[in-house]
Amino acid sequence: MSKNATGTRTGSEQALAVYLELRAHPSCSFDEVADGLALSAGERERCRGDLATLGLIEADTTRSVIDPDVALVRLLQCERDRLERRLAETGRAQITLETLAGPFLRAGSAPRSEVEVEIVSDPHRIGRELAGLGESVQTSVHSLHTGSVRREDMAAELERDRRWTARGVRVRAMYSRRIGSVPDMAQHLEERAALGVEVRFSPVVPMNMVLADENFALLPTDAHDPGSAAILARGPALVRSYLALYEYCWHAATRYGDEEKPEHGGDGLSEQQRAALRMLASGIKDEQIAKNLGVSLRTVSRLLSEVMQELGAASRFEAGVKAARLGLLDGEVRDREL
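My aim in this report is to walk through the structure given alongside it, one point at a time. None of these values were measured; they are calculated from a predicted model.

Counted residue by residue, strand S2 (residues 140-145) has six buried out of six residues, so it is predominantly covered. The two faces of S2 match: Ser-140, His-142 and Leu-144 on one face and Val-141, Ser-143 and His-145 on the other face are all buried. With six bridges joining them, S2 and strand S3 (residues 170-176) adopt parallel strand pairing. The residue bridging Ser-140 from the neighbouring strand is Arg-170, located in S3. Between S2 and its parallel partner S3, the chain crosses via helix H6 (residues 151-166), and the hand of that crossover is right-handed. Of the pairings in the sheet, the one linking S2 to strand S5 (residues 209-212) comprises four bridges and is antiparallel in character. Counterpart to Ser-143 in the pairing with S5 is Val-210.

Below, the structure is given as structure tokens:
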């Protein structure tokens, strides 16, 4: 072995020369081979480090030499282990990030204010919300009314209708059929229709409700109590559900001006007959009707026969249908709260 054999070699060539000498002379130590190749202290430490990194020698011994194929398998195994540890660390970091920042990330990517719901008990606040619609509405306003509009509010409602229709806003309003028989309301509805408001009548209006632009809804928490708190909802995800209910009621209602004028209006019914009719339409059996009214079964049969005669109906079912069309099943007309 020439002492000058590695004089002009690069670092990698020196490491290779050391490795080959170690394999050729297994009994020689690393330092003995390095001395034979005339390596400086710096060169031998660099070669030792390179060979240990490649797995060609054992880092903690001076004699053990590893075959290249074994060293390659070990090197690949070490690299795979390193990658697996890195992936595990990345996975833990991702979970931590989602836990800490997930709500903020989702808030940034989701539509802003997707759904907002609040209960409003202050009637002045309800009034301000409705008044605020005057300028903010862009495309449509849909409303349900179980009762009459207060006389002092009629002029303001007509003024809103005038502004909305002038801007191309579609305005729809649905009322209980009985409202049309109230003189002041009949005149008011005629004026609304003349401004372009689409008006319809329904035998039964389930509740007061106002919808606007598929993004605003105002309805009572208790449909049977006009003085109850109101639900104020914003966001199309929820308002579209209310709009679907409105559309169902709208298509089942009668267009303003197309109301039929039946020969029998039910005006001659007594309060007892009306009560029996409402219970019949609710599906209550004759026995329970008799118990509720405090009369006999025979009296119930007579009352319902008189109702059928007054309405010009050939059957109880037909009497119920005609009563609904005439609005005889509605509750008492009440002033609108929404």
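Right, let's talk about the packing of aromatic side chains for a bit. Counted by the stated rule, this structure contains two aromatic pairs. Ring geometry for Phe-201 and Tyr-256: centres 6.0 Å apart, planes at 55°, overall tilted. Of this pair, Phe-201 sits in strand S4 (residues 198-202) while Tyr-256 sits in the loop between strand S8 (254-255) and helix H9 (271-281), and the two are 55 residues apart along the sequence. The class of Phe-201 is buried, set by a relative accessible area of 2%. Ring centres of Tyr-246 and Trp-250 lie 6.0 Å apart, and the angle between their planes is 20°; this geometry places the pair in the stacked category. With Tyr-246 and Trp-250 both in helix H8 (residues 236-252), this residue pair falls four residues apart, about one helical turn. Taken as a pair, Tyr-246 and Trp-250 share a single burial class, namely buried. Sitting above the plane of the Trp-250 ring, Arg-172 keeps its charged end 4.8 Å from the centroid.

What follows is about a nonpolar patch on the surface. There is a patch of nonpolar side chains on the surface, built from Leu-54, Leu-72, Leu-75 and Leu-76 and spanning about 370 Å² of accessible area. By the secondary structure assignment, Leu-75 is in helix H4 (residues 68-109). Taking the relative accessible area as the measure of exposure, Leu-75 reaches 37% and is therefore partly exposed.

Turning to the nonpolar core, a few remarks are in order. Membership of the largest hydrophobic core comes to 24 residues, with the highest contact counts inside it found for Leu-133, Val-137, Trp-164, Tyr-175, Met-185 and Leu-218. Those elements that provide at least two residues to this core are helix H5 (123-136), H6, S3, helix H7 (183-194), S4, S5, strand S6 (216-220) and strand S7 (230-234). Looking at this core element by element, the count peaks at three residues for S3. Filtering out sequence-adjacent residues up to four positions away, Trp-164 remains in contact with Leu-133, Gly-134, Val-137, Val-141, Val-169 and Val-171. Of all hydrophobic cores here, the second largest spans 17 residues; its members include Met-207, Met-209, Leu-211 and Ala-253.

What follows is about the sheet that holds S3. Taken in spatial order, the eight strands of this open sheet run S1-S7-S6-S5-S2-S3-S4-S8, and their pairing is mixed. The sheet is open, and its two borders are formed by strand S1 (116-120) and S8, each paired with just one other strand. Pairing of S5 with S6, which is carried by three bridges, proceeds in the antiparallel orientation. Within S6, the residue paired with Ala-212 across the bridge is Phe-216. Across the sheet, H8 is in contact with S1, S2, S3, S4, S5, S6, S7 and S8; its angle to S3 comes to roughly 60°.

What counts, and where the lines are drawn
All residue numbers refer to positions counted from 1 along the written sequence of the respective chain. pLDDT decides what is reported in this predicted model: residues at 70 or higher carry local features, side-chain atom pairs at 80 or more are listed and counted, and totals for whole chains, interfaces and linings draw on all residues regardless. Computation of side-chain values covers all heavy atoms of the structure but excludes hydrogens and water. Here the term buried applies to any residue with accessible area under 20% of the maximum for its type, exposed to any over 50%, and partly exposed to those in between, with areas from a 1.4 Å probe on protein chains only. The way it works is that DSSP assigns letters per residue, a run of H or I at least four long becomes a helix, a run of E at least two long becomes a strand, and they are numbered from the N terminus. Note: two strands are recorded as paired if DSSP finds a minimum of 2 bridges between them. Assignment of crossover handedness uses the view with strands pointing away from the viewer, where a clockwise path from the first strand over the helix to the second indicates a right-handed crossover. Between the rings of Phe, Tyr and Trp (Trp by its six-membered ring), a pair exists once the centres lie within 6.5 Å; its type follows the angle of the planes, with under 30 degrees stacked, over 60 edge-to-face, and the other angles tilted. Criterion for a charge above a ring: Arg CZ or Lys NZ at most 6 Å from the ring centre, at most 35 degrees from the ring normal. Exposure above 30% relative accessible area and no salt bridge define the residues that can form patches, which grow by joining like charges within 9 Å and nonpolar side chains of Val, Leu, Ile, Met, Phe, Trp and Tyr within 5 Å. All accessibility values rest on the Shrake-Rupley procedure with a 1.4 Å probe; residue burial counts only the protein chains present in the view. Between Lys or Arg on one side and Asp or Glu on the other, a salt bridge is scored when a side-chain nitrogen of the former is within 4 Å of a carboxyl oxygen of the latter. The term nonpolar core refers to a set of buried residues drawn from Ala, Val, Leu, Ile, Met, Phe, Trp, Tyr and Cys, joined through side-chain atoms within 4.5 Å. Contact definition: two residues touch when any of their heavy atoms are within 4.5 Å. An axis is simply a line fitted to the C-alpha atoms; with a helix, the fit covers only the stretch in contact. Between two such axes, the angle follows the N-to-C directions and lies from 0 to 180 degrees.

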